[in-house]
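Listed below are the residues making up each chain.
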Number of protein chains: 2
Amino acid sequence: MKTLDVQPIAGGITAPGGFRAAGVSCGIKASGEPDVALIASDDTVSAAAVFTTNLAQAAPVLVSRDHLERSGGRARAIVVNSGCANACTGADGMAHATEMAMLTASALGCDPAAVLVASTGVIGVKLDMQKVERGIHDAFGALSSSGAADAARAIMTTDPFPKESAVEISSDAGTFRVGGMAKGSGMIEPMMATMLGFVTTDAVVDPFVLQRALRAAVEGTFNSITVDGECSTNDCVFLLASGASGVRLGERELPLLAHALSAACEPLAVGIVRGGEGATKVVTVRVVGARSDQDARRAARAIANSPLVKTAIHGGDPNWGRLVAVAGRSGAAFTLDNAAVRIGPVELFSDGSPHDERSDDAARYLAGSEIEVEVDLGTGGAGRARMWTCDLSAEYVRINAEYRT
Amino acid sequence: MKTLDVQPIAGGITAPGGFRAAGVSCGIKASGEPDVALIASDDTVSAAAVFTTNLAQAAPVLVSRDHLERSGGRARAIVVNSGCANACTGADGMAHATEMAMLTASALGCDPAAVLVASTGVIGVKLDMQKVERGIHDAFGALSSSGAADAARAIMTTDPFPKESAVEISSDAGTFRVGGMAKGSGMIEPMMATMLGFVTTDAVVDPFVLQRALRAAVEGTFNSITVDGECSTNDCVFLLASGASGVRLGERELPLLAHALSAACEPLAVGIVRGGEGATKVVTVRVVGARSDQDARRAARAIANSPLVKTAIHGGDPNWGRLVAVAGRSGAAFTLDNAAVRIGPVELFSDGSPHDERSDDAARYLAGSEIEVEVDLGTGGAGRARMWTCDLSAEYVRINAEYRT
């Protein structure tokens, strides 16, 4: 890559050419807020997806995975409902997810296997298919090349704000776009905990390359965030490539494509953390000096999920001892005598000794809402990793302890 | 074993013959509360220990491990201070822990390698050795065969109550006793998070058998509890066997010994959970129907550490969906269609279908303070595990978010 320019643009998932979207209300949510989203490409195009690794997988996850396999990585549309996860719903749930694909296919005039399905909301409750049918009908009627914002609203459960992004990439290979939207783990009403991401591009990409690029992009973005260490029954990220830009990206351009996808996914992923339950601070956790990137990731994940670290940051407490203790128990190689902890620009521990005289500086830094912490594992290795998390507040407990009525 | 009777008795760590103990105050704690404990056997006897797996190990952990290796599993005494963890304190910390052993050895007239050392309290702060020296001197003077309760108080940091236990075992091998005391992860003052356990027995046991029996007993007791998934820099469990009962337990009696040790350790372990930060409920997590015991343990640990499960129980919400979701992501083999969830006596999910009509019964059960939840992983396997945890309350966040001043 000699030239590479990535510019944020407006337009979300319909910013790339070849896509229309819609978001409508069909009454699944008692509040009357939008609850069905539809993303359609003009033709059946290359598609890729990554799914939750949870073994308790919701019906729409099973159906979408099956459709993507049967179609050989090709899709025409993605249909999504919010307000009901269609998870732990037995045989009826599978029939309902399949029917969502059939209804969408029949409206668009395509093979049902070319439709991907996602649901988010309450676990263990069945879909009201009369409502869903009306929702898909209305969404089809509302499809528009400027419908991205409506779609982004219709996938929300209790997210505090919609999450959209789009970028235009100028490169030696040509100029193309990537758009995306996501919903986070709101859980303000208990039993809603889905992370859904939807990404579009107008590059010309084979399904095989698309899948590899998506997996690479997700690793450093959606798979690098945590709100509370939980992984839902419905999590998935879908990617469609319309080819409308005419810019062809093959194996050789895989790093370019992954980079472009990451540029669209990162703000969505960080947005999910920012909108995390009870969150008041976004925390970037960096781990360096690890024996391998994998070790660094293990330590970063342990720190990002540690209730002691998250409560200390919530309270503005520069409690470096907790970071050392979590790094030490994370399973990553760790050498205490060479380890170091930095909170923002302030080094509080290095070469086995505390610098508590700098505590006040660190406390002042922690009063902000965008926090960076860095732990050097002290092995002298070049392994490094980055994760995003949020603080843990009493509000998180209140939200999740409330009786589900 | 034809006959086996396990009776709870009074007396804590001095209930078994051959031990004296003391707890005194030397001023490490500003509050003036007791902060030095000493356990001494009449002779140098068989000893065993398990230490934190955290790679950031405190000086007393390193010193005790070294002493136990050099002595070949023999010890005369254990000296403990609370109020300062002597962790992340560099070369001075090592010198101080070594000096604690030397001061104790010189009082008792034994080899310094026959003294084990433990510390608990604030991380990153050095010990005031003048105070510690006075404490060890006073504790030696106060040693008594009825000093267990004083010792149990002197190892507390911010535990809400002391934790002692003792049992008398009548078996074919003879009648012997096991006593114990422990301190939990109080953390009411941030940066204190040590789990320490001290166990004594008057059985005659070789160090090799003693170590294996301790490891087995710890696995099902201290290693089966969690308050917040954290593992400290100072955790350890020590065991001394005086032989005063004359009852000889060899390899053949290893199951009997492990059983006896477990009987003394279980109430201490559950006591740590009961005194967990902000805890209002003790929760027993049972996992059955796993492919292996290891898988069951993996799922039980994930459930016991899940903030979503712990907040739901805190709120009295029979949210079985969270238990399914955590079991599914735990890494254990899991078959949703055959899985089941029980909250107390109430089955809320089985064979892939919810029984939400029983929610009110489960909610009534959850209003209690001693909770059992059981998840069947649905694999048809015989693997099972049990763990204890507590609920997650807003008080936990308040305690741990408070600025360390």
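Thresholds applied
Residues numbered from 1 in each chain as written. Chains lettered and ligands numbered in written order. Predicted model: local features only at pLDDT ≥ 70, side-chain atom pairs only at ≥ 80, totals over all residues. Helix = DSSP H or I, 4+ residues; strand = E, 2+ residues; numbered from the N terminus. Rg over C-alpha atoms; globule rule 2.2 N^0.38 Å. Buried ≥ 20, exposed ≤ 12 C-beta atoms within 10 Å, placed from the backbone. Contact = placed C-beta atoms within 7 Å. Least-squares fit on C-alpha atoms with pLDDT ≥ 70 in both. Pairing = 2+ DSSP bridges. Axes fitted to C-alpha atoms, helices over the stretch in contact; angles between N-to-C directions. Domains from an automatic or database assignment. Expected span 1.5 Å × (residues − 1). Parallel < 35°, antiparallel > 145°, perpendicular 65-115°, else oblique. Left-handed = near helix turned anticlockwise from the far one by under 90°.

Student: Lay out the overall build of chain A in plain terms, naming residues and giving numbers.
Tutor: In terms of helices and strands, chain A carries 11 helices and 16 strands. The C-alpha atoms of chain A give a radius of gyration of 22 Å, which matches the 22 Å a tight globule of 405 residues would have. Overall size of chain A, expressed as C-alpha extent along the three principal axes, is 70 × 55 × 35 Å. For chain A, the residues scored as buried account for 66% of the 405 residues in total. Taking the intrachain contacts of chain A between residues at least 6 apart in sequence as the baseline, contacts between residues at least 24 apart amount to 81%.

Student: Please set out the relation of the copies chain B and chain A residue by residue, giving values where relevant.
Tutor: With an RMSD of 0.0 Å, chain B superimposes on chain A once it is rotated by 180 degrees and translated 0.0 Å along the axis. Here the two chains are linked by the operation of a two-fold rotation axis. Rotation axis and chain B: the residue whose C-alpha lies nearest the axis is Ala 394 of chain B, separated from it by 2.3 Å. In this assembly the copies share their binding face: 100% of the residues contributing to the interface of chain B also contribute to that of chain A.

Student: Please provide a residue-by-residue account of unusual backbone geometry, values included.
Tutor: Although it is not a glycine, Asn 86 of chain A sits at a positive phi angle of roughly 45 degrees. Relative to the elements of secondary structure, Asn 86 of chain A occurs in the loop between strand 4 (74-84) and helix 2 (90-108). Among the residues examined, Asn 86 of chain A registers 31 C-beta atoms within 10 Å and is labelled buried. In this structure, Cys 88 of chain B takes a positive phi of about 60 degrees despite not being glycine. Counting through the fold element by element, Cys 88 of chain B comes out in the loop between strand 4 (74-84) and helix 2 (90-108).

Student: Provide a residue-level description of the interface of chain B and chain A, including the pertinent values.
Tutor: Many descriptions give the size of an interface as the accessible area lost when the pieces come together. Taken together, the contact between chain B and chain A spans 48 residues of the former and 48 residues of the latter. Residue assignment for the side of chain B that touches chain A shows that the elements contributing at least two residues are helix 8 (307-314), helix 9 (320-329), strand 13 (353-354) and helix 11 (394-401) of chain B. Among the elements that line the side of chain B that touches chain A, the one with the most residues is helix 9 of chain B, at 6 residues.

Student: Tell me about the sheet that holds strand 16 (residues 383-390) of chain A, and name the residues and values.
Tutor: All names here are of chain A. The strand order across the open sheet formed by 7 strands is 9-16-11-15-12-13-14, and the pairing between neighbours is mixed. The open sheet is flanked by strand 9 (225-226) and strand 14 (353-354), the only strands paired with a single partner. Alignment of strand 11 (residues 282-290) against strand 15 (residues 370-376), held across 7 bridges, turns out to be parallel. Bridge pairing links Val 288 to Asp 376 in strand 15. Relative to the sheet, helix 10 (residues 359-366) contacts strand 12 (340-343), strand 13 (346-350) and strand 15, its axis offset from that of strand 13 by approximately 130 degrees.

Student: A description of the pairing of strand 4 of chain A should follow, citing residues and the corresponding values.
Tutor: All names here are of chain A. Within strand 4, 10 of the 11 residues are buried, which leaves the element mostly enclosed by the surrounding structure. As paired strands, strand 3 (residues 36-51) and strand 4 are joined by 7 bridges and run antiparallel to one another. What sits directly across from Ser 46, in strand 4, is Arg 74.

Student: Requested: an account of the domain arrangement of chain A, with residues and values cited.
Tutor: Residues and elements named next belong to chain A. When the domains of chain A are assigned, the result is domain 1 (4-271) and domain 2 (282-401). Computed from C-alpha atoms alone, the centre-to-centre distance between domain 1 and domain 2 is 33 Å. Domain 1 puts 10 residues into the contact, and the matching count from domain 2 is 10 residues. Counting only elements with at least two residues in the side of domain 1 that touches domain 2, the list comes to strand 9 and helix 6 (254-274).

Student: Quick rundown of helix 5 (residues 207-219) of chain A? Include the residues and the values.
Tutor: For helix 5 of chain A, with 13 residues, the first-to-last C-alpha span of 18 Å sits near the 18 Å given by 1.5 Å per residue. For helix 5 of chain A, the secondary structure elements touched by its buried residues are strand 3, strand 10 (236-241) and helix 6 of chain A.

Student: Can you lay out the sheet that holds strand 11 (residues 340-343) of chain B for me, pointing to particular residues and giving the numbers?
Tutor: Residue and element names in this part refer to chain B. Pairing in this open sheet of 6 strands is mixed, and the strands run 13-12-11-14-10-15 from one edge to the other. The outermost strands of the open sheet, each flanked by one partner alone, are strand 13 and strand 15 (383-390). Relative to strand 14 (residues 370-376), strand 11 is paired through 4 bridges, and the arrangement is antiparallel. Bridge pairing links Val 341 to Val 375 in strand 14. Of the strands in this sheet, strand 10 (282-290) and strand 15 are in contact with helix 6 (residues 254-274), which crosses strand 15 at around 45 degrees.

Student: Explain the packing of helix 5 of chain A against helix 6 of chain A to me, using residue names and the numbers behind them.
Tutor: All names here are of chain A. Close contact between helix 5 and helix 6 brings their axes to 8 Å; oriented N to C, the two are set at 50 degrees. Taken together, the axis directions place helix 5 and helix 6 in an arrangement best described as oblique. In the crossing of helix 5 with helix 6, the sense of the turn from one axis to the other is right-handed. Across from Val 209, Arg 212, Ala 213, Leu 214, Ala 216, Ala 217 and Val 218 in helix 5, the residues of helix 6 making contact are Leu 254, Leu 257, Ala 258, Leu 261, Ser 262 and Cys 265.

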